[in-house]
Protein chains: 2
Amino acid sequence: MKKVLLFLALLLILAACKNSTTEKNIAETKSAIDLNGAIKVVENAQQIFTDLFKKGDSFGVANIYTIDAKVMNAGSPAAEGRDSIIKFFGKIFRSGPKIITVKTIGVWNSTNIIVEEGKWIMADKRGNEYDHGKYLILWKMEDGKWKKFRDCHNSDIYPITK
Amino acid sequence: MKKVLLFLALLLILAACKNSTTEKNIAETKSAIDLNGAIKVVENAQQIFTDLFKKGDSFGVANIYTIDAKVMNAGSPAAEGRDSIIKFFGKIFRSGPKIITVKTIGVWNSTNIIVEEGKWIMADKRGNEYDHGKYLILWKMEDGKWKKFRDCHNSDIYPITK
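Nothing here was measured: the structure is a model prediction, and the numbers come from that model.

Trainee: Even after reading the chapter, I still don't get the sheet that holds strand 6 (residues 145–155) of chain A, so can you show me in this structure?
Mentor: Either a parallel or an antiparallel arrangement is found when strands of a sheet pair, and the pairing is made through backbone hydrogen bonds. The strand order across the open sheet formed by six strands is 2(B)-1(B)-6(A)-5(A)-4(A)-3(B), and the pairing between neighbours is mixed. The strands lining the two open edges of the sheet, one partner per strand, are strand 2 (79–80) and strand 3 (98–108) of chain B. Of the pairings in the sheet, the one linking strand 6 of chain A to strand 1 (residues 65–72) of chain B comprises four bridges and is parallel in character. When the sheet's bridge partners are listed, K148(A) is paired in strand 1 of chain B with Y65(B). Packing of helix 4 (residues 82–94) of chain B onto the sheet brings it into contact with strand 5 (129–142) and strand 6 of chain A together with strand 1, strand 2 and strand 3 of chain B, and relative to strand 1 of chain B it is tilted by some 50°.

Take a look at the structure:
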């Protein structure tokens, strides 16, 4: 009887081990599963954003952003934080009603991507600065090396980098 | 003796389960561990980028990008793919030697961030388009909602969105 109990205990422990392995596999494929959800999340939120934008609701639009968000617009330093973002959109809306359309063409939700935020300065060969701005860069592994996969940047001052 | 063997077998299985749990914990904290590595990866690669940029080496600079990369520059559609990226930097370098400095101020390597690439169109209230461009947006969870955390965009045409 004791042997039977021990055998049952063994089976139970093996079953627990099996569960643990299954959980690990799920964790490993989690990013792929999350990706479909991520697309829906982003598209739904962007729909709310464009609706509020059309209404010229700077408070509503700013609420689509986190408290500590940065709107990295061209031609000015980033609008950082809730108050600055409300003002940023307020200025856009005061210049007249507008319709914005956005189209999601890629979504990543994975540790296979490194996201970098940064600032850049451009100078002539003597080192005299003539332009500066900000960027978001996505890094992706290619042939064993992390390389730039998307590089979106703009100037705080100039329209187009000279 | 058999009972002792069974007990030992139990211990071994429990040890195997323990190992499995440890592996899972490592996997769960992986993004935090990777983050320090990610900063080094990005800063090292950016150093190579700025060195090659200073030399005006458009082939070398383009090789910092993946084969299918997009340089999302202001004032033009994105330069997409190796050939376009070589041409893009070639044009910059032909206009004279330059020094670029980049400073990494944030790095994310986690499934807690959704990255979105997209295109935007701006129209007046009648729906007449007057500007369009591209963006990278980072989405982050705040109070149970995915919100925009970083929003870097620029126009394919105009310097600053009207």
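Trainee: It is not clear to me how the relation of the copies chain A and chain B should be interpreted in this structure. Could you clarify?
Mentor: In this arrangement, two copies of a chain are superimposed by a rotation about an axis accompanied by a shift along the axis. Superposing chain A onto chain B takes a rotation of 180° combined with a translation of 0.0 Å along the rotation axis, leaving an RMSD of 0.0 Å. Between the two chains, the operation in question is that of a two-fold axis. The fraction of interface residues of chain A whose copies in chain B are also interface residues reaches 100%, indicating that both copies meet through the same surface.

Trainee: Help me out: how do you make sense of the pairing of strand 5 (residues 129–142) of chain B in this one?
Mentor: Each regular strand shows side chains that alternate between the opposite faces of the sheet. Residue and element names in this part refer to chain B. Burial within strand 5 is extensive, with ten of its 14 residues counted as buried. Pairing of strand 4 (residues 113–124) with strand 5 involves eleven bridges; the strand directions are antiparallel. The residue of strand 5 that forms the bridge with W120 is G133. Following strand 5, the chain reverses through two residues before pairing antiparallel with strand 6 (residues 145–155); D143 in that reversal takes a positive phi of roughly 50°.

Trainee: Explain the pattern of salt bridges here, please?
Mentor: Under the definition given, this model contains ten salt bridges over all chains. As a salt-bridge pair, K140(A) and D68(B) come within 3.6 Å of each other at their nearest N and O atoms. Here K140(A), found in strand 5, pairs with D68(B), found in strand 1, and the two come from separate chains. For K140(A), a relative accessible area of 24% corresponds to the partly exposed category. Its relative accessible area of 38% is what places D68(B) among the partly exposed residues. Taking the shortest distance from any N to any O, the salt bridge between E117(B) and R150(A) comes out at 2.8 Å. Pair noted here: E117(B) is in strand 4 and R150(A) is in strand 6, and the two residues belong to different chains. With a relative accessible area of 3%, E117(B) lands in the buried category. In this structure, a network of salt bridges that share partners links the residues K70(A), E117(A) and R150(B).

Trainee: Would you mind going over the interface of chain A and chain B with me for this structure?
Mentor: By a frequent convention, interface size equals the accessible area lost on bringing the separate parts together. With 81 residues of chain A at the contact, the number on the chain B side is 81 residues. Buried area between chain A and chain B, both sides added, is near 7700 Å², and the carbon and sulfur share of it is 61%. Across the chain A-chain B interface, the total number found is four salt bridges. Linking chain A with chain B are 48 residue pairs in polar contact (both at pLDDT 80 or more).

Trainee: Help me understand the packing of aromatic side chains in this model?
Mentor: How two aromatic rings sit relative to each other is given by the distance of their centres and the angle of their planes. In total, this model carries 18 aromatic pairs over all chains according to the counting rule given. With 6.5 Å between their ring centres and 75° between their planes, F49(A) and Y65(A) make a pair best called edge-to-face. With F49(A) in helix 1 (residues 2–55) and Y65(A) in strand 1 (residues 65–72), this residue pair connects regions lying 16 residues apart in the sequence. Residue classification places Y65(A) among the buried positions, given a relative accessible area of 0%. Ring geometry for W108(A) versus F149(A): centroids 5.4 Å apart, planes at 90°, classification edge-to-face. On the criterion of sequence distance, the pair formed by W108(A) in strand 3 (residues 98–108) and F149(A) in strand 6 is long-range, its members being 41 residues apart. An aromatic cluster is present here, built from F49(A), F53(A), Y65(A), F88(A), F89(A) and F93(A) joined pairwise through their rings. Lying over the aromatic face of F149(A), R150(A) brings its terminal NZ or CZ to 4.1 Å of the ring centre. Sitting above the plane of the F149(B) ring, K140(B) keeps its charged end 4.1 Å from the centroid.

Trainee: Hey, could you run me through the confidence of the model for chain A in this one?
Mentor: Fine structural detail should not be taken from predicted coordinates in areas where pLDDT scores are low. All names here are of chain A. Per-chain confidence: chain A averages 82 in pLDDT, with 76% of residues scoring 70 or above. Element-level pLDDT for chain A is lowest in helix 1, with a mean of 64, against a maximum mean of 97 in helix 2 (residues 58–62). Across residues 12–33 the pLDDT falls below 50, and counting only partners more than four positions away or on other chains, this stretch makes eleven contacts in the model. What the predictor reports for the complex is a pTM of 0.75 with an ipTM of 0.75.

The rules behind the values
- Residue positions are counted from 1 within each chain, in the order its sequence is given.
- Chain A is the first chain written and ligand 1 is the first ligand written, with later ones labelled in order.
- Residue-level local features of this predicted model are given only where pLDDT is at least 70; pairs of side-chain atoms are given and counted only at 80 or more, and the full residue set underlies all totals for whole chains, interfaces and linings.
- Side-chain metrics rest on all non-hydrogen atoms present in the structure, leaving aside hydrogens and water.
- Strand pairing is assigned whenever DSSP detects at least two bridges linking the two strands.
- Runs of E in the DSSP output that reach at least two residues are strands. Runs of H or I that reach at least four are helices, and both are numbered from the N terminus.
- Here, residues are in contact when the closest pair of their heavy atoms is within 4.5 Å.
- Under this scheme, a helix contributes an axis fitted over its contacting stretch, all axes are lines through C-alpha atoms, and angles between N-to-C directions fall in the 0 to 180 degree range.
- When the copies are superposed, the least-squares fit draws on C-alpha atoms of residues that have pLDDT of at least 70 in both.
- Working definition: with a 1.4 Å probe on protein chains only, accessible area under 20% of the residue-type maximum means buried, over 50% means exposed, and in between means partly exposed.
- A pair is scored as a salt bridge if a Lys or Arg side-chain nitrogen falls within 4 Å of a carboxyl oxygen belonging to Asp or Glu.
- Here the quantity called buried area is the total loss of accessible area, with a 1.4 Å probe, experienced by two parts when brought into contact, counted for both.
- Two N or O atoms count as a polar contact when they lie within 3.5 Å, although within protein this holds only if one can serve as hydrogen donor and the other as acceptor, and sequence-adjacent residues are included solely when both atoms are side-chain atoms.
- For Phe, Tyr and Trp, rings pair up if their centres lie within 6.5 Å, where Trp contributes its six-membered ring, and each pair is then called stacked (planes under 30 degrees apart), edge-to-face (over 60) or tilted (otherwise).
- Whether a charge sits over a ring comes down to the Lys NZ or Arg CZ being within 6 Å of the ring centre and within 35 degrees of the ring normal.
- A score from 0 to 100, pLDDT tells how confident the predictor is in each residue.

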